[in-house]
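Analysis of the macromolecular model
Read off the chains here:
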Amino acid sequence: MKVEVAVDGKNSKATRNPTMSHYRFALTILLLVSVSLVGCNRVSAAHGETIPDLPSATALPTETETQTPLPTLTSTATLTSTVTLTLTPTLTPTPTWAVQGPGKVVCPILLYHHIGTASSPAASSYYTSPEDFEAQMKALRDWGYTSITISQLVEAIMSSALLPDRPVVITFDDGNLNVYTNAFPIMQKYGFTGVMYIIANRLHADGYMGIDQIKEMAAAGWEVGSHSMTHADLREAHDRLNFEIAQSRINLQEALGVPVRSFAYPYGAMDEVVGKQVQSYGYTSAVGLGTLWNQSLYNLYYLSRRPADGGVDLQVFASYLPWPGAENLTPPPADAPTP
Ligand SMILES: [Zn+2]
């Protein structure tokens, strides 16, 4: 009844003063519209405040830090960082990335051949059991190491690059099948990627990795390098260096669809002629054998790699590294003596 009375009253006022009525009507509409707009704003503001809070505030900066190096990497290396990213919460401590180079960079390079059980005692020096290998990878993670590719190291030496505070390059020579079956899953478990130096004419041989397996690892962030065409001692193969060094690179790139930028001398053996050819055929680095941790322009075509085969215990393994143990995260002075 009261409503009717009010309506009647409005109607009666409307008949008395139509202009006033139009103003009131317009005012009412404006009020209604503004109320509903304010309401919408509040709702969306409420959503706006709630949604960004959902991911934990502490997780976001970590992701940003870990992803910082991405722009400087190749597309395959992007995947490397993704793997690291998912494992970041379990890492102790979280690696800090900072610009290193150009020039000398302290970075151990480890060399393995087989991750498996040797078929004969004579071959055992080239084998590391999966158990020993896992213990070594776990130690690297616990001691704060972050794997990088050889190309990331070279970029830092040549022009500077973002590197983790304890970088390590984990390399495998020859392309043995047990690197795919044993090393690859263990390294994925601990958030590491490696560099595999492949003998180009053994891509399909028994006991060696095939194209699909190498492609799968490359897609997960591993780098592919050339380990020559036939694994010849190149000091005695000067007449076919083009075939061993240049053609192997062309074949690997065509078969695998990935860039091949680094070369590993078979047996770590080279001379001045071989080194110059590797450089002139377009490789940006080459790896040899050695115990240095300092990598620089001076050894860019014979980067120092420490063989870690043979199932060494963790104490010996720690001696291969410049920053053993998790207590001290400060890198050694740049001029620290290396073994
Ligand atoms: Zn080899």
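Given the structure is predicted, the values throughout are model-derived calculations rather than measurements. (Residues numbered from 1 in each chain as written. Predicted model: local features only at pLDDT ≥ 70, side-chain atom pairs only at ≥ 80, totals over all residues.)

Remarks on the overall build of the protein
If you tally the helices and strands in the protein, you get eleven helices and 14 strands. Relative to its 339 residues, the protein shows a buried fraction of 34%. For the protein, contacts bridging at least 24 residues in sequence account for 69% of all contacts bridging at least 6. (Helix = DSSP H or I, 4+ residues; strand = E, 2+ residues; numbered from the N terminus. Buried ≥ 20, exposed ≤ 12 C-beta atoms within 10 Å, placed from the backbone. Contact = placed C-beta atoms within 7 Å.)

Thoughts on the nonpolar core
The biggest cluster of nonpolar side chains holds 63 residues, and the ones touching the most others in it are Cys107, Leu153, Val169, Val179, Met196, Ile198 and Ala286. With sequence-adjacent residues up to four places away left out, valine 179 is seen in contact with Ile115, Phe172, Phe184, Met196 and Met209. (Core = buried A, V, L, I, M, F, W, Y, C linked by C-beta atoms within 7 Å.)

Brief notes about the environment of aspartate 206
The residue aspartate 206 is located in the loop between strand 9 (195-198) and helix 8 (211-219) in this model. C-alpha of aspartate 206 to C-alpha of asparagine 176: the two residues are 30 residues apart in sequence and 9.2 Å apart in space.

Focus on the confidence of the model for the protein
Residue-level pLDDT values for the protein average 78, and 68% of them are 70 or greater. Confidence drops under pLDDT 50 across residues 1-21; counting only partners more than four residues distant or on other chains, this segment forms two contacts. In the predicted structure, residues 326-333 sits below a pLDDT of 50 and forms eleven contacts with residues beyond four places in sequence or in another chain. (pLDDT = per-residue confidence, 0-100.)

A look at helix 6 (residues 150-159)
Of all ten residues making up helix 6, eight are buried, and the element is well covered by its neighbours. Looking at the residues trailing helix 6, positive phi occurs at serine 160, about 85 degrees.

Concerning the pairing of strand 3 (residues 109-112)
What you see with strand 3 is no split at all: Ile109 and Leu111 on one side and Leu110 and Tyr112 on the other are buried throughout. With four bridges joining them, strand 3 and strand 8 (residues 167-174) adopt parallel strand pairing. Looking across to strand 8, one finds that tyrosine 112 is bridged to phenylalanine 172. (Pairing = 2+ DSSP bridges.)

Structural notes on unusual backbone geometry
Here the residue pair glycine 101 and proline 102 is connected by a cis peptide bond, since its omega of 0 degrees sits within 30 degrees of zero. Secondary-structure assignment places proline 102 in the loop between strand 1 (97-100) and strand 2 (105-106). The backbone of aspartate 174 shows a phi angle near 90 degrees, a positive value even though the residue is not glycine. Tracing the backbone through its elements, the reader meets aspartate 174 in strand 8. Positive phi, normally seen in glycine, also occurs at tyrosine 267, with a value near 60 degrees. When you line up the elements, tyrosine 267 lands in the loop between strand 11 (262-264) and helix 10 (272-280). Residue classification places tyrosine 267 among the partly exposed residues on the basis of 14 C-beta atoms within 10 Å.

Things to note about the environment of proline 324
With respect to the helices and strands, the residue proline 324 is situated in the segment after helix 11 (314-319). In sequence terms proline 324 and alanine 139 are 185 residues apart; their C-alpha atoms lie 9.0 Å from each other. Residue contacts for proline 324: discarding those within four places in its chain leaves Trp143 and Ala318.

Quick look at the packing of helix 5 (residues 130-142) against helix 7 (residues 177-189)
One can describe the packing of helix 5 onto helix 7 by two numbers: an axis separation of 10 Å at closest approach and a directional angle of 25 degrees. Judged on the interaxial angle alone, helix 7 and helix 5 are roughly parallel. The element helix 5 and its partner helix 7 pack so that their crossing is right-handed. Between helix 5, through Pro130, Phe133, Glu134 and Met137, and helix 7, the contact on the second element is made entirely by Asn182, Ala183, Ile186 and Met187. Its residues assigned to classes, the contact of helix 5 with helix 7 comprises six nonpolar, one polar and one charged. (Axes fitted to C-alpha atoms, helices over the stretch in contact; angles between N-to-C directions. Parallel < 35°, antiparallel > 145°, perpendicular 65-115°, else oblique. Left-handed = near helix turned anticlockwise from the far one by under 90°. Nonpolar A, V, L, I, M, F, W, Y, C, P; charged D, E, K, R; others polar.)

Looking at the environment of serine 280
Structurally, the position occupied by serine 280 is in helix 10. Under the C-beta neighbour-count criterion, serine 280 is labelled exposed, with 11 such atoms within 10 Å. In sequence terms serine 280 and alanine 246 are 34 residues apart; their C-alpha atoms lie 9.3 Å from each other.

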